[in-house]
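Coordinates in review
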Amino acid sequence: MSEVNESSSSWREGTGSVVGDTEIRYNSRYSAVGGGYGGGPAGADVKGKDGENWKFHAVEFAKGFAEMSVEFGKGVRDVLKQSVIREDSILVRKVGPLCCKVCRRLSFLNEYLPEDRDPAHAWSVIFFVLFLASAVLIASNDNIYPTTSVKKVCIHPPSASRILLPDGRHLAYQQQGVPAELARFSMIAPHSFVSSRLAGIPGIMTSLLQEYGIRLVTYDLPGFGESDPHPSRNLESSAMDMLHLSYAVNVTDKFWVVGFSDGCMHAWAALRYIPDRIAGAVMVAPMVNPYEPRMTKEEKSKMWKKWTTKKKNMYILARKFPRLLPYFYRRSFLSGVHCQIETRLALSLGIRDKALLEHPLFEKFWQRDVEESVRQKNAKPFVEEAVLQVSNWGFSPADLKVQRKRPGKGIMHWIKSLFGQTEEILTGFLGQIHVWQGMEDMVVPPSTSDFLQRVLPDAMVHRLLYEGHFTYFYFCDECHRHIISTVFGNPQGPLTPEPEPDQSPIQNDDGETQDTILGDVATDEENVSSVVNPDKEDYID
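Below is a summary of the structure that appears in this document. This structure is a prediction, so every number in the text was calculated from the model and none was measured.

As a further point, take the packing of aromatic side chains. Throughout the structure, instances matching the rule amount to 25 aromatic pairs. Considering the side-chain rings of Trp256 and Phe488, the 5.4 Å spacing of their centres and the 80 degrees angle between planes classify their relative orientation as edge-to-face. Here Phe488 lies in helix α18 (residues 477–488) and Trp256 lies in strand β7 (residues 255–260), a separation of 232 residues in the sequence. Each member of the pair Trp256 and Phe488 is classed as buried. Both rings, one in Phe470 and one in Tyr474, keep their centres 5.4 Å apart while their planes meet at 80 degrees; by these two values the pair is edge-to-face. Exposure class is identical for Phe470 and Tyr474. Each is buried.

Another aspect to go through is the nonpolar core. Formed by 104 residues in total, the largest nonpolar core has its most connected members in Trp268, Leu271, Tyr329 and Phe470. Top element by residues in this core is helix α8 (residues 264–273). It accounts for seven residues. Beyond its immediate sequence surroundings of up to four residues, Phe470 is in contact with Phe260, Ile341, Leu347, Leu349, Asp353, Leu356, Leu357 and Phe362.

Here we come to the pattern of salt bridges. For the structure on display, the rule yields 16 salt bridges. Note that Arg481 is salt-bridged to Glu211, the shortest N-O span being 2.9 Å. One end of the pair, Arg481, is in helix α18; the other, Glu211, is in helix α6 (residues 206–212), with 270 residues separating them in the sequence. Overall, Glu211 belongs to the partly exposed group, its relative accessible area being 30%. Between Arg352 and Glu467 there is a salt bridge, with its nearest N and O atoms 3.6 Å apart. Placement of Arg352 in helix α13 (residues 351–357) and of Glu467 in the loop between β12 (460–464) and α18 is noted, with a sequence separation of 115 residues between them. Among the residues examined, Arg352 registers a relative accessible area of 40% and is labelled partly exposed.

Examined against the element boundaries, Ile351 turns out to sit in helix α13. Along the primary structure Ile351 and Tyr466 are separated by 115 residues, whereas in three dimensions their C-alpha atoms are 9.6 Å apart.

What counts as what
- Residues numbered from 1 in each chain as written.
- Predicted model: local features only at pLDDT ≥ 70, side-chain atom pairs only at ≥ 80, totals over all residues.
- Heavy atoms only, no water.
- Phe/Tyr/Trp six-rings, centres within 6.5 Å; stacked < 30°, edge-to-face > 60°.
- Helix = DSSP H or I, 4+ residues; strand = E, 2+ residues; numbered from the N terminus.
- Buried < 20%, exposed > 50% of the residue type's maximum accessible area, 1.4 Å probe, protein only.
- Core = buried A, V, L, I, M, F, W, Y, C linked by side-chain atoms within 4.5 Å.
- Contact = heavy atoms within 4.5 Å.
- Salt bridge = Lys/Arg side-chain N within 4 Å of Asp/Glu carboxyl O.

In C-alpha cells:
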C-alpha cells in the first residue's frame, strides 16, 4: 500500500508541473454527506477563502476610488489655476487684494508653523479642520442640549351643552358664575382664533363672578369645538347666533358682550346688527380689519410694522389666495402636535408676554384650549375666520358712533317739518364701549386704539403701560377685578329670589277654614283707582 500511495503522489506532482498548480487539493475520502469528494472541513476552507476574497476586492475598490478622487481633484485644481486663478482673471482682481491684505494681517501667526511647511497650505488645512470640527459640534448639538419631548394633541370626550338653532345647526356653550334666575348681569363672550368656549375670560375666579352677580356664557364659533359648521357664515350670521344663544339660555334682559383679540370682530358685529340686545361691550386688545378703509396711512403703517413677515404673508394669503391657507394650517396647529403659541400663530411678543407663555399654568390652559378648538380637524372654519378678518365686514367701527340722524331731503320732509315737530333720532350704538389696550402689545399694536379713539370718541379707551397682549387678560385676578369694577361699579351680589306666595288656606281662631270669596277681595289696581277717583260709583251690569 505504501508503494501505491507514493506512486499516486508522484503522479499528482508530475501533473501539477505540467498543468500548473491551481492550489486545489482533493480529498481521497468520499463524503457521504456532500455526495462527492470533499468533506466538511474542506468546504469550510472554501467559504473562508471566499470571505477573504470579498474583503480583498472591497479594499482594492476603495483604494482605486480614492486614487481616482485624488486625480479628479488635481484635475479640477489644474483647471481652476489655468482658467480662474490667474492674474488677469476677474476673480483674482476682485478678491486678490482682499486676500493679500488678510494674509498680511495673519502673517505673524506663521512663526508658530514648522519651517518646512508652506503657510498657504498649512492655513488651508487649519481652516478645513476648524470647519469640520464646527460641523461635528453642530451635528452633535442634540446630544449636548436635550430637546423637549413633542406632545401630541389629545381629543377629549364631548362635554359641552348644546342648543338647536333655527337653521338646524347645534351651538355648543358653557356657563360660569351665578344661575340665570340670580344673575344681575349677563355676559356673552365669543372666542378668538384657534380658541374655543373654554377660553372665556381665562382664569377668572368664580367667587368674583358671584360677588358681582355675573353670569358668563361662552360658546364655540361654527366649526370650532363642538359647534356644527355654518355653510356660508359671515359677521351678520355670527351676530344672529349670539342672539339665538341669548334667548336659549334664558337671558331676557340686555347682556354685555366680551371680546378679546380676534374675537372682538364678532363683538363689533353684535354691536352693529343686534344693538337693541346689547347693554355694553368689553374689548381687550381689540382687533380691527387691517385693510380698514377709514384708517389713515400712518395708522396702517404702525400696525403692519409690528407684525412678523410670516404674519403679514398670512394676512395677504387670506385676502388674495385663501385656498392656500389649509396647507399652512395643517403644518401648524392642525398637525396633531403641540408647539409654542408664537410659533403656531407667527406672533411677535414682548418680554412680559413671553414670560407668561412660559408659565406652566398658561401652557396647560393653552394646550387644552387648542385641543378643543381643533376637535373636528377641519381647516375650513379656520380659513373662514381668517378671511373674515381681512375681508369687507359690511360695516366699519366708525358706523357705531353715536350721532344725530340727518333729516331727509325733499318737499315731503320740508312739509312735515312745518306742520309737525320732528323728533331727533340718534344712530349708532348707544351703550358703553370699554377698550383696554396694552402699550407693549405687538399682536394688536397700540395704533389700533388710536384709530378707535378717533372714530369712536364716546368709547372709553384704557391704555395700559407695560402690558402686552396676554398679560392683562390671562390669569390676572387683579386685572379681572379692575375690568369688572370699572364696568359694573361696586359689587351688589346676585339677585335675591322672590319668596313664593303662601297658598295655604286661612284659618279662624277656632281652627275652621275660612272660605275666600274672590269677588269681595279688592286688587291693588282697584285700591289705587279708588284713591285717585274717590267720587267714582260702582255699578253692576
